[in-house]
Amino acid sequence: MKRDLKPARKIGGAISVPGDKSIAHRTALMSILSNGPIDVSGFPDNADCAASLRAAESFGVTVEKLADNHVRLQPPDQPNIEAETIVDCGNSGTTTRLLAGLVAGTDLAVILSGDESLSSRPMKRIVEPLTAMGAELIDSEGHLPITVRGRKLLPFEYQMPVASAQVKSALLLAGLAAGCSVTIREEFITRDHTELMLRHLGTNIEIREIKPIMEPDPVDPRKKRRVMPESFRKEIILGARSKLTGGEIDIPGDISTAAFYFALAALSGQTVTVTDVGLNPTRTAFLDYLKAIGCKVEIDNRLIVSGEVRGDVTVTGGELKARKIAGETTVGLIDEIPIVAVLAAFSEGETVIRDAAELRVKESNRLEAIAHNLRAMSVSCGVLEDGLIIEGKKDLSGGDFVSFGDHRIAMAFAIAAQGAVGPSTIDNPEVVDISCPQFFELLDQITQ
Ligand code: S3P
């Protein structure tokens, strides 16, 4: 099925978006190991998080629905599942990788499987460190299905070779399940919802950010230069015999979903507000990007709930100017690159995106998917091994967009269509259900 998309004549208004997907996954999976119930409000009703809830249930968690988007996750006395049960993780990389870690630290054994897209995503990044900790994992040439057989694990220290919150979280959950200490060092800081939630739910976890120091410049000793005293930026230490006590978590709106509506404001020069959205500093790089390309970003009602910052965000678009994206900025924008690429097409000048090879192994090969769809709008887009070169232009034509079965590609180009000069279509629009089934409804609320 295709969906027709017409350019918007008028844009503006205030909406709220469903709860943060990353945080919701973590509540569901951590409940397997919790010593008390976890009451979660703001739990989103998307397909990805449903996979994590189903997985939790298969280990004995009871999911009680208290109200709309409000669940009580009642842990089992002891997590249990029949040996070698197949747990279907659907399309969800977060479910797969976090659950693999968690099971690795128990005395249970499961087989993790997923849909075609998930089965093509790399899993060595969790198999190798979890095996080094002492678990037994048998993958299928680096992919799903994976058999995970939990073992008694050894205390573990690991410097992350890939910037990945999923891998970091897998190792922390392995340590939590096994009761052994885990020290993780990150060269590139990734989202820290696992650490914050572990702390909020009563676990013994230490987070240390390494600050740069000033030292004399070797070329000109009268000058000083900033250097990092270590080869990493952050150290996370989960103590041995850490336990989760349970508690309450209120999930803020998902900033990665809100990003699509902020982009609409950006490309139209209009104003859009998203209320009560997550503002965890490891997730706000998109707001910095919007400012850098010429938008106005205002934040009101900032507060911390359940260990996470949130607030109301208002974005007003302006004359957009291209900005280079690389290094830690790319890491911070990891889920937003599809919509960044769309904004690049609407910006004056050439946007170069580098250090984004990870985009090739997301729900689709996002570099190719973005290029395909930008070219359908007659935008010039070059694909690099690790990025894209996008020539901004005026009066972009509409296109027949292909979602490649990827929710963020579908949403990014549904937004692009609003700013095009002619009509567009998108195939498989229901793929938005992976993270935001309400996506088109919310779009209708702020467009005419
Ligand atoms: C996520 C981490 C990121 C992100 C994904 C969700 C998480 O993946 O792209 O959508 O919830 O930990 P990587 O860890 O593979 O970078």
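Look a little higher up for the structure.
Residues numbered from 1 in each chain as written. Predicted model: local features only at pLDDT ≥ 70, side-chain atom pairs only at ≥ 80, totals over all residues. Heavy atoms only, no water.

Visitor: For this particular structure, what's the right way to read the packing of aromatic side chains?
Guide: Note on aromatic pairs: each is described by the distance of the centres and the angle between the planes. On inspection of all chains with the given rule, the structure shows 6 aromatic pairs. Each ring, one from Phe439 and one from Phe440, has its centre 5.1 Å from the other, and the planes form 80 degrees; the classification is edge-to-face. On the basis of relative accessible area, Phe439 is assigned to the buried category, the value being 0%. The rings of Phe260, Tyr261, Phe439 and Phe440 are connected pair by pair, giving a single aromatic cluster. Here Arg3 stacks its cationic end above the ring of Phe440, 3.9 Å away from the centre of that ring. Taking NZ or CZ as reference, Arg185 lies 5.4 Å from the ring centre of Phe232, over its face. (Phe/Tyr/Trp six-rings, centres within 6.5 Å; stacked < 30°, edge-to-face > 60°. Buried < 20%, exposed > 50% of the residue type's maximum accessible area, 1.4 Å probe, protein only. Lys NZ or Arg CZ within 6 Å of the ring centre and 35° of its normal.)

Visitor: Hey, could you run me through the sheet that holds strand S11 (residues 182–186) in this one?
Guide: In a beta sheet, neighbouring strands pair by backbone hydrogen bonds and run either parallel or antiparallel. If you walk across this open sheet you meet the 4 strands as S10-S11-S15-S12, and the pairing is mixed. Of all the strands in the sheet, just strand S10 (156–159) and strand S12 (205–209) have a single pairing partner and so form its edges. Mean inter-strand twist for the sheet, computed between neighbouring axes without regard to direction, equals 10 degrees. As defined by bridge partners, S10 adjoins S11 across 4 bridges and the pair is classed as parallel. Bridging from a neighbouring strand, Gln159 pairs with Arg185 of S11. Sitting on the sheet, helix H7 (residues 193–200) is in contact with S12 and strand S15 (234–238), with an inclination near 140 degrees to S12. (Pairing = 2+ DSSP bridges. Helix = DSSP H or I, 4+ residues; strand = E, 2+ residues; numbered from the N terminus. Axes fitted to C-alpha atoms, helices over the stretch in contact; angles between N-to-C directions. Contact = heavy atoms within 4.5 Å.)

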